[in-house]
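# Chain and residue survey
Residues per chain, in single letters:
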Amino acid sequence: MSSSLFLHFRPRRVPKDALRFTLTWGLGGMAALMIVQQLLTGLLLGFFYEPVPVRAYESVQHIQNSIFLGDLVRSMHHWTGHFLVVVIALHLLRIFFNGAFYPPRRRNWLVGLAMGVLILTANFSGYLLPWDQLSYWAVTIATSMLSYVPLIGSSLQEIMRGGPEVGAATLQLFYSIHTTFVPVSLFLLMGYHFWFVRKAGGILVPKRKQSGETEKSTSVPAIPELLVREMAFAALVTCCILLFSMFIDAPLGNMANPELTPPTVKAPWYFLGAQELLLHVPPIFAICFLPLSIGLFLTLLPFTRQKDGKPTTLIKTLFITGALFMLILTITGIWFRGQGMTLVMPW
Amino acid sequence: MVPGAGDDVGDAMVEPPSRRRFLTNIWAGLGVVALLQFLAGAAFFLTSGRKRTGKKSAPLLEAGLVGDFPTGSVTLIRKGNLYLTRLEDGGFLAISKKCTHLGCAVPWMAERKQFECPCHASIFDITGDVIKAPAPRALDLYPVTINRDMITIDTSNPLRRSGFTPEQVIYPEERG
Ligand code: FES
């Protein structure tokens, strides 16, 4: 029965070339695995977490210090949440360079983008839940960035916070988004995403140089060839996450104090690019123009002209420059900014 | 006569009968209406729940008597999360603690006589005016009234301002 379940997601036979690890780097599968893990660890944490200020912090402390394996479960949830953002970014890069977003995969690219937004939402809403100084002030800074949006900025900010300041209403809002809205929508979209890969005829396998051979002759049965590879890889990834979480605890600072901002506080790391930019260019550009153009570019990407199933040189150059630019800004923001945003060396 | 009966007979064979198409369209239309109703209902549900929590319990804050605050001093008013500044000439300003850059709480550095934001190093002078960016404008003000030496601060809505102007300062009434 389990094998027939597997065959709902996977075809009976797969082309041999599709099994090559360097074709996908296992990124999509890794993301799916991590999402399932997040669901499981999140479920466990949810039994003890209380989404009200002060109690929230105390309940996280309780999980961390007095529940059996509590610190491990919390660390896994914390670190996997961050790894997941990196993994889906790499997955997006992989799809881009393989040109696997043109029709018939166009709609799946759009679904993937929506899932990416959901994963960022999950991470960001989870950021506030421990209710320590870092979560309080990081969310304050990140939601303050919204107030720079022209015209609707301050009302947007108030909607996000559920009030003028980050407080009990914000915590409740973020909690329900984090534990209901995101998981439900993510799972629906994930089912669709997988089904669509099959519907488009499996993952995109680049044509061989000498395209004489037919596909049929090089296909292998999905069980065991694909199944075993996927299982082994899942086991490996799980081991890495477990080891990492065993040795490095998820941080928990002092309890949130709205009166006192700690000396080095930053927005969540994936927003640091925007925040870094905010120091150099007018806010309208960093907060409004930049995210809108990134979103628009990625959405319109599958509608652009292709050359042999790959993006044109112009599109490629645009994409690579943009990605490098954001990467450099983000790295500067994460490691080269010390107290009071002065430039420091990370060593 | 059914609407659309003038169509080519060949087409009518392939396409579903127009009555079925009509019913399907009605179903789809009803679905859209139901969705819109749900969205509108949800929006009202969410916004009306918010108003109750948005109100502050006591917007009017009695900070103290004029004599309690020496000239050239900045006092933290814990309850309102703001500062009461008394300038050298005796005038008062109630200054928000929230940095206008990205909302961090700004501490008063008594030795250097300025507000220094820990987040991105904005600096403000004693009147809340910007000395050093990235803060785009001066710290917000709260309306102050002085009645028979008692200083009252209205904490319900902070006033945005671009910079400091002398009209913002509130002076105690001269004693007869
Ligand atoms: S929040 Fe004060 S300088 Fe950025």
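Residues numbered from 1 in each chain as written. Chains lettered and ligands numbered in written order. Predicted model: local features only at pLDDT ≥ 70, side-chain atom pairs only at ≥ 80, totals over all residues. Heavy atoms only, no water.

## Some points on the overall build of chain A
The following threshold applies: To qualify as a helix, a DSSP run of H or I must reach at least 4 residues; to qualify as a strand, a run of E must reach at least 2; elements of each kind are numbered from the N terminus. Only the C-alpha atoms count toward the radius of gyration. The rule for a globule is 2.2 Å times the residue count to the power 0.38. Partly exposed describes any residue whose relative accessible area lies between the buried limit of under 20% and the exposed limit of over 50%, with all areas from a 1.4 Å probe on protein chains only and scaled to the type maximum.
What chain A contains, in helices and strands, is 13 helices and four strands. The C-alpha radius of gyration of chain A comes to 22 Å, within 12% of the 20 Å expected for a compact globule of 347 residues. Here the C-alpha coordinates of chain A stretch approximately 70 × 50 × 40 Å along the principal axes. The buried share of chain A, reckoned over its 347 residues, is 42%.

## Description of the overall build of chain B
Put simply, the rule is: Only the protein chains shown count as covering a residue, and every accessible area follows the Shrake-Rupley method with a 1.4 Å probe.
When its secondary structure is counted, chain B shows two helices and eleven strands. Its helices and strands taken in sequence order, chain B reads α-α-β-β-β-β-β-β-β-β-β-β-β from the N to the C terminus. The buried share of chain B, reckoned over its 176 residues, is 36%. Accessible surface for chain B amounts to roughly 11,100 Å². Of this, 61% is attributable to carbon and sulfur atoms.

## Some thoughts on the interface of chain B and chain A
Counted only if it meets this: Any two residues whose heavy atoms approach within 4.5 Å at even a single point are treated as in contact. Here the quantity called buried area is the accessible surface, traced with a 1.4 Å probe, that two parts lose on coming together, added over both. For this document, the term salt bridge refers to a Lys or Arg side-chain nitrogen within 4 Å of an Asp or Glu carboxyl oxygen. Under the scheme applied, nonpolar residues are Ala, Val, Leu, Ile, Met, Phe, Trp, Tyr, Cys and Pro; charged residues are Asp, Glu, Lys and Arg; polar residues are all the others, including Gly.
In this assembly, 18 residues from chain B lie in contact with 25 residues from chain A. When the two sides are added together, the surface that chain B and chain A hide from each other amounts to roughly 1,700 Å², 53% of it contributed by carbon and sulfur. Run the count over chain B and chain A and you get one salt bridge. The partner of glutamate 165 of chain A in a salt bridge is lysine 98 of chain B, with the nearest N and O atoms 3.3 Å apart. Grouping the constituent residues of the side of chain B that touches chain A by class yields eight nonpolar, six polar and four charged.

## Side note on the nonpolar core
Convention followed: Nine residue types can take part in a nonpolar core, namely buried Ala, Val, Leu, Ile, Met, Phe, Trp, Tyr and Cys, and a core is a set of them joined through side-chain atoms within 4.5 Å.
The biggest cluster of nonpolar side chains holds 75 residues, and the ones touching the most others in it are Trp131 of chain A together with Phe115 of chain B. Looking at this core, the element that brings in the most residues is helix 6 (residues 106-128) of chain A, giving eight residues. In terms of nonpolar packing, the next biggest core, distinct from the first, is built from 13 residues, Phe69, Ala94, Ile146 and Ile151 of chain B among them.

## Details of the state of the cysteines
Short version of the rule: In what follows, a disulfide is any cysteine sulfur pair within 2.5 Å.
If you walk through the whole model with that rule in mind, you get one disulfide over all chains. Residue cysteine 104 of chain B pairs covalently with cysteine 119 of chain B via a disulfide, S to S 1.9 Å. Here cysteine 104 of chain B and cysteine 119 of chain B share a disulfide; its torsion about the S-S bond, -90°, makes the bridge left-handed. Pair noted here: cysteine 104 of chain B is in the loop between strand 4 (92-96) and strand 5 (108-109) and cysteine 119 of chain B is in the loop between strand 6 (114-116) and strand 7 (123-124), with a separation of 15 residues, a long-range link. Comparing cysteine 104 of chain B with cysteine 119 of chain B shows no difference in burial state: the two are buried. Cysteine 239 of chain A provides the cysteine sulfur closest to cysteine 240 of chain A, a residue in no disulfide bond, and the two sulfurs are 6.8 Å apart. Judged by its relative accessible area of 47%, cysteine 240 of chain A is partly exposed.

## A word on the domain arrangement of chain B
What counts here: Domain segmentation is taken from an automatic or database assignment of domains.
Domain annotation for chain B reports domain 1 (18-48) and domain 2 (60-168). Its C-alpha centre places domain 1 of chain B at a distance of 51 Å from the equivalent point of domain 2 of chain B.

## Quick look at a nonpolar patch on the surface
All names here are of chain A. The condition that has to hold: Patch membership requires more than 30% relative accessible area and the absence of a salt bridge. Residues of like charge join within 9 Å; the nonpolar side chains Val, Leu, Ile, Met, Phe, Trp and Tyr join within 5 Å.
A contiguous nonpolar surface patch, about 750 Å² in accessible area, is contributed by Val86, Leu90, Leu93, Phe97, Ile320, Leu324, Leu327, Ile331 and Trp335. Among the elements of the structure, helix 5 (70-98) and helix 13 (313-335) are those that each provide at least two residues to the nonpolar patch. Ranked by residues supplied to the nonpolar patch, first place goes to helix 13 with five residues. In this structure, phenylalanine 97 sits in helix 5.

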